[in-house]
Amino acid sequence: MTKHGAVVVPEDAVVAAAAAVGRHFSFPPPRTAGGDSCKKLAAQQIDLGAAVVGSWLDSMKASSPRHRLMAPAVADTEHDDWMEKHPSALGKFEALAAAAKGKRIVVFLDYDGTLSPIVEDPDRAVMTDEMREAVRGVAERFPTAIVSGRCRDKVLSFVRLEELYYAGSHGMDIQGPTAASKGEESVLCQPAREFLPMIGEAYAALVEKVEGVIPGAKVENNKFCLSVHFRRVDERRWGAVADQVRAVLRDYPRLRLTQGRKVLEVRPTIKGHGAGILVSRFPKDTCASFSLRDPGEVKDFLCKLGEESVLCQPAREFLPMIGEAYAALVEKVEGVIPGAKVENNKFCLSVHFRRVDERRWGAVADQVRAVLRDYPRLRLTQGRKVLEVRPTIKWDKGEALRFLLSALGFSSSSSAAGDGEDDGDDDAFPIYIGDDRTDEDAFRVLRSRGHGAGILVSRFPKDTCASFSLRDPGEVKDFLCKLVTCAAA
C-alpha cells in the first residue's frame, strides 16, 4: 500500500518563501550546512562504551540536562540565535512546502516526545485522539512511518493505525501496513532476529540486577533492543545504574550500549548488509563490493567459504577494502609526512602521528581524509595521537529511513552515489520529525540527501542536524494538520 501525495503550492508562494528565508536560513540545507555543529554532534553520538564523553555519570547528566539558569536577556539571545538556524517548521511552512513542490512527500515520525509527551512512566505515554486523527489524515495522503526505539507491537498498540509503517527497536523491526494484510506477511525487515535469545537473556539479567536492586529503575523489553529507564531513579544512584548495566553486558559482547533521554539503550551490533560479488575479467561499472575473475575463482571462493570455522567476524567483508585503504595511506601519508606511521590491524587501520611535528598534524588529517573519500564505507575516529579507520557497521534510525524509502519505491542508496552521500535524485521529499538523540541519525541522512526536512521537537536550543524545529507534541499536531490542509488544497 503506497500513497504518493504531492503538496500543492501556488506559484507565488515559492517566491514569497524564498524572500522570507532570511540570510541565515537556506532550504533545502546544503549538504555541508551546519557542518560544525553536525560534526560535533556526530562525535557525541559515538557509543558510550568507548568512554569518549568523559565518565558515564557525566554523560548521563549531559543527556538529561537541567537547563541552566541565566539572565533573561542572555537566554533570549541564545534562543533567538538557535531559532535562526533551526526555524519553526510551522513558521516556515511555506518555505518547506515550496521546497517540496513537485515531489512526493514521505513522513517519518518518532513516538515519545513527538506524538506523545515524555512522561515518568513509559507505559503511560499515550497519544491524544486529536493527534491520532492528525496522523491518520497525513497517512491518507502520504506514505507515513513511525520510527521508534520501542517495541514495534507496543508502538502499534499506542498509535492504533493499521495503515502506517512501523519501525520498532530503532529500526531493527520493520512492518508494513496491516490494514490489507495480516500477520508475518507484512513484516518487511528484522535484521536482528538472530539476537532474540541473547536479548531475552540480557533482559532477565537486567531485571534481576538493575530493576530488582535500584529503586525507580525500569527495564523495558522492546523485542529487538532493551531500554533501561532511570527517569525515576534518585540522581545520586544514576552512576550505580550505569555500573550495573555495564556489568551485565560484559557477558554479552555482541550487544552495545547507547544513551537517550534518561534511558540507556541496549542494542545488537548488527553485521554488515552482505556482499555482492561480480564475476568478470574486466573492469566495469557495478554496485558489487567485490569481484572474482572467473568460475574457477568462484569455486575457490566457495571452497574457502565452506572451510571457514571462525564464529564471528562481522567486518570480514571489509578486508579487501581495508587492504586497499592501507596501501593508499602508506603511500600518501607514511611515505610523505616524516614521523607518520600506518598500522594494519586487519579489521581496522591506525594512523599514528605521535612522532610527527605538531605543525604537520593538520596535513596528516587532510591526507587521511583525502584517501578515505574513495572509501565511503570506512569511518574516521580519533584516539590519543592516532587516527583510527574502521568499517561502518550499524543499523539505526537513519538506516531504517533508507530502508523504508527503498521499500516504498524511492531511491535511497548511499553506496550508489559513490561519495558516501545519498544521491537525492528521486522525487521523494522525506519529512522526519523526532526529539531524541537517536533521531539524529535520520536527520543526518536527510541532510546528506540535500533535500527533505528534519524537524527536531524541543523547547530548548540544542546541537542538531535537523533543519527545523517544533516546540512540543502540540505543535507537531498543528504541523501535521497544516500539512494535510496544504495537500488537500
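See the structure above.
Given the structure is predicted, the values throughout are model-derived calculations rather than measurements.

A.B. asks: Looking at this structure, I do not really get the overall build of the protein chain. What am I missing?
C.D. replies: Broken down by element type, the protein chain carries 15 helices and 18 strands. Burial analysis of the protein chain (489 residues in total) assigns 46% to the buried set. In the protein chain, 63% of the contacts between residues at least 6 apart in sequence involve partners at least 24 apart. For the protein chain, the exposed area adds up to about 23500 Å²; of that, 52% sits on carbon and sulfur atoms.

A.B. asks: I would appreciate a short explanation of the nonpolar core in the present structure.
C.D. replies: Soluble globular proteins tend to bury their nonpolar side chains together. L115, I431, I433, F479 and L480 are the most contacted members of the largest nonpolar core, which has 42 residues in total. Elements with a minimum of two residues in this core: α5 (93-99), β1 (104-109), α6 (129-139), α7 (152-159), β16 (428-434), β17 (453-457), β18 (468-470) and α15 (473-488). Apart from residues no more than four positions distant in its own chain, L480 is found in contact with L109, L115, M131, A134, V135, V138 and I433. Core analysis: the next-biggest nonpolar cluster, separate from the first, contains 24 residues, A205, L206, V241 and V266 among them.

A.B. asks: I keep staring at the packing of helix α11 (residues 319-334) against helix α12 (residues 361-372) and nothing clicks. Help me out?
C.D. replies: Between two packed helices, the angle of one axis relative to the other and the distance separating the axes together describe the packing. Their axes nearest at 10 Å, the elements α11 and α12 cross at an angle of 145 degrees. Here the hand of the crossing between α11 and α12 comes out right-handed. Packed against α11, whose contacting residues are A325, A328, L329, K332 and V333, the element α12 presents V364, Q367, V368 and V371 at the interface. Per-class residue counts for the contact of α11 with α12 are seven nonpolar, one polar and one charged.

A.B. asks: Quick question: what am I supposed to make of helix α13 (residues 397-407) here?
C.D. replies: Of all eleven residues in α13, eight are buried, a share of seventy percent or more. When we look at burial in α13, the residues that qualify are K397, G398, E399, A400, L401, R402, L404 and L405. Lining the buried residues of α13 we find β1, β2 (144-147), β3 (165-168), β4 (173-175), β16 and α14 (440-449). Just downstream of α13, G409 is the residue with a positive phi angle, here 95 degrees.

A.B. asks: Sorry if this is basic, but what is going on with the pairing of β16 here?
C.D. replies: Look at any regular strand and the pattern is simple: side chains alternate between the two faces of the sheet. For β16, the tally of buried residues reaches seven of seven residues, placing the bulk of the element in the interior. Residues A428, P430, Y432 and G434 point to one face of β16 and F429, I431 and I433 to the other, with burial holding for every one of them. Pairing of β1 with β16, which is carried by six bridges, proceeds in the parallel orientation. By the bridge assignment, F108 is partnered in β16 with Y432. After leaving β16, the chain enters α14 and then returns to the sheet as β17, a path that is right-handed.

A.B. asks: Teacher, can you tell me more about the packing of helix α8 (residues 196-211) against helix α9 (residues 238-249) here?
C.D. replies: Two elements in contact, α8 and α9, have axes separated by 10 Å at closest approach and are oriented at 145 degrees. The hand of the α8/α9 crossing is right-handed. On α9, the residues touching A202, A205, L206, K209 and V210 of α8 are V241, Q244, V245 and V248. For the contact of α8 with α9, the class distribution of residues is seven nonpolar, one polar and one charged.

A.B. asks: Help me understand the pairing of strand β15 (residues 386-391), please; the structure alone is not making it clear to me.
C.D. replies: For β15, the buried fraction is high: five of the six residues fall into the buried class. Bridging between strand β13 (residues 349-352) and β15 involves four bridges; their strand directions are antiparallel. Of the residues in β15, the one forming a bridge with H352 is V386.

A.B. asks: Help me understand the environment of E399, please; the structure alone is not making it clear to me.
C.D. replies: By the secondary structure assignment, E399 is in helix α13. Measuring from C-alpha to C-alpha, the distance between E399 and D441 comes to 8.0 Å, with 42 residues separating the pair along the chain. A distance of 2.9 Å separates the side chain of E399 from the side chain of R402, its partner in a polar contact.

A.B. asks: Explain the sheet that holds strand β8 (residues 255-260) to me, please; I cannot follow it from the model alone.
C.D. replies: Two pairing modes exist for strands in a sheet, parallel and antiparallel, and in both the strands are linked by backbone hydrogen bonds. Read from one edge to the other, the open sheet built from four strands follows the order β6-β7-β9-β8, with strand pairing classed as antiparallel. In this open sheet, the two strands that pair with only one neighbour each are β6 (218-221) and β8. With strand direction ignored, the average angle separating the axes of adjacent strands in the sheet is 20 degrees. α8 contacts β6, β7 (226-229), β8 and β9 (263-268) of the sheet and is inclined by roughly 165 degrees relative to β6.

A.B. asks: What exactly am I supposed to notice about the packing of aromatic side chains here?
C.D. replies: Any aromatic ring pair is given by two values, namely how distant the centres are and how the planes are angled relative to each other. Tallied over the entire structure, the rule returns six aromatic pairs. Relative to W238, the ring of F230 has its centre 5.0 Å away and its plane inclined at 65 degrees; by these criteria the two rings are edge-to-face. Residue class for F230 comes out buried when judged on its relative accessible area of 0%. Consider the rings of Y432 and F443, whose centres lie 5.7 Å apart with planes at 90 degrees: the pair is edge-to-face. With a gap of eleven residues between them, Y432 in strand β16 and F443 in helix α14 connect regions that are remote in the sequence. Taken as a pair, Y432 and F443 share a single burial class, namely buried.

A.B. asks: For this particular structure, what's the right way to read unusual backbone geometry?
C.D. replies: For residues besides glycine, phi is generally negative; the peptide bonds are generally trans as well. Positive phi, close to 60 degrees, is recorded for R160, a residue that is not glycine. Counting through the fold element by element, R160 comes out in the loop between α7 and β3.

A.B. asks: Help me understand the side chain of S116 in this model?
C.D. replies: Here S116 shows up in the loop between β1 and α6. Every residue in contact with S116, bar those within four places of it in the chain, is listed here: Y111, A125, V126, M127 and P473.

A.B. asks: Would you mind going over the pattern of salt bridges with me for this structure?
C.D. replies: Where charged atoms of side chains with opposite charge meet at close range, the side chains can pair. Under the criterion given, the structure shown has 16 salt bridges. With a shortest N-O distance of 2.8 Å, R359 and D357 are connected by a salt bridge. A relative accessible area of 73% means that R359 is categorised as exposed. Assessed through its relative accessible area of 35%, D357 is described here as partly exposed. Several salt bridges share partner residues, and in doing so they unite D110, K397 and D439 into one network.

The rules behind the values
Residues numbered from 1 in each chain as written. Predicted model: local features only at pLDDT ≥ 70, side-chain atom pairs only at ≥ 80, totals over all residues. Heavy atoms only, no water. Helix = DSSP H or I, 4+ residues; strand = E, 2+ residues; numbered from the N terminus. Buried < 20%, exposed > 50% of the residue type's maximum accessible area, 1.4 Å probe, protein only. Contact = heavy atoms within 4.5 Å. Areas by Shrake-Rupley, 256 points an atom, 1.4 Å probe, with all protein chains shown as cover. Core = buried A, V, L, I, M, F, W, Y, C linked by side-chain atoms within 4.5 Å. Axes fitted to C-alpha atoms, helices over the stretch in contact; angles between N-to-C directions. Left-handed = near helix turned anticlockwise from the far one by under 90°. Nonpolar A, V, L, I, M, F, W, Y, C, P; charged D, E, K, R; others polar. Pairing = 2+ DSSP bridges. Right-handed = clockwise from strand over helix to strand, strands pointing away. Polar contact = N/O pair within 3.5 Å; in protein donor to acceptor, adjacent residues only side chain to side chain. Phe/Tyr/Trp six-rings, centres within 6.5 Å; stacked < 30°, edge-to-face > 60°. Salt bridge = Lys/Arg side-chain N within 4 Å of Asp/Glu carboxyl O.

Such coordinate-based values are descriptive only and should not be taken to indicate function.
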